[in-house]
Amino acid sequence: MLRQGEILTLSDNKKYTVVSTTEIDNKFYAYLIDRDDYTNIMFCKYENNELEEVVDQELIEKLMILFKNNLNQEMK
């Protein structure tokens, strides 16, 4: 499992920070942000030590809510 704050270099040769992670239906997801361009974010499924970018809009919306709630809980 990925850890919050972990830094990853992806196939685009950019470095991303793991902002948050969550689990839905026994699948793990990560919210990543580009360290050099904070407008470049992505949501990825993490499986078998590999990341796959989530492109399904409904799943992205669900993940955004979960990650927002997770981050709000951490701020308390």
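Keep in mind the model is a prediction, meaning the values are calculated, not measured. (Residues numbered from 1 in each chain as written. Predicted model: local features only at pLDDT ≥ 70, side-chain atom pairs only at ≥ 80, totals over all residues. Heavy atoms only, no water.)

**Student:** Hey, could you run me through the overall build of the protein in this one?
**Tutor:** Within the protein one finds 1 helix and 5 strands. Put simply, the protein runs from its N terminus to its C terminus through helices and strands in the order β-β-β-β-β-α. Relative to its length of 76 residues, the protein is compact, with a C-alpha radius of gyration of 12 Å against a globular reference of 11 Å. If you line up the protein on its principal axes, its C-alpha atoms span 30 × 30 × 25 Å. Counting contacts in the protein only where the partners sit at least 6 residues apart, residues at least 24 apart contribute 31% of the total. Accessible area for the protein stands at about 5,500 Å²; split by element, carbon and sulfur atoms hold 46% of it. With 9 positive and 15 negative side-chain charges, the protein shows a separation of 6 Å between the mean positions of the two kinds. (Helix = DSSP H or I, 4+ residues; strand = E, 2+ residues; numbered from the N terminus. Rg over C-alpha atoms; globule rule 2.2 N^0.38 Å. Contact = heavy atoms within 4.5 Å. Areas by Shrake-Rupley, 256 points an atom, 1.4 Å probe, with all protein chains shown as cover. Lys, Arg positive; Asp, Glu negative; His and termini not counted. Charge placed at Lys NZ, Arg CZ, Asp CG, Glu CD.)

**Student:** What should I look at first to understand the environment of T39 in this one?
**Tutor:** With respect to the helices and strands, T39 occurs in the loop between strand 3 (27-34) and strand 4 (41-47). A polar side-chain atom of T39 sits 2.5 Å from a polar atom in the side chain of D37. (Polar contact = N/O pair within 3.5 Å; in protein donor to acceptor, adjacent residues only side chain to side chain.)

**Student:** I'm lost on the sheet that holds strand 3 in this one. Help?
**Tutor:** Backbone-to-backbone hydrogen bonds pair the strands of a sheet. The strands run either parallel or antiparallel. Read from one edge of the open sheet, 5 strands run 1-2-3-4-5, paired in antiparallel fashion. Of all the strands in the sheet, just strand 1 (7-9) and strand 5 (50-53) have a single pairing partner and so form its edges. Here the average twist between neighbouring strands, direction ignored, is 45 degrees. Where strand 4 meets strand 5, 4 bridges bridge the pair, whose relative direction is antiparallel. By the bridge assignment for strand 5, E47 is matched with E50. Against the sheet, helix 1 (residues 57-75) engages strand 2 (15-24), strand 3 and strand 4, with an angle of about 100 degrees to strand 2. (Pairing = 2+ DSSP bridges. Axes fitted to C-alpha atoms, helices over the stretch in contact; angles between N-to-C directions.)

**Student:** Before we go on, may I ask you to explain the environment of K62 in this structure?
**Tutor:** Its place among the elements puts K62 in helix 1. In this structure, the C-alpha to C-alpha distance between K62 and I24, residues 38 residues apart in sequence, is 9.6 Å.

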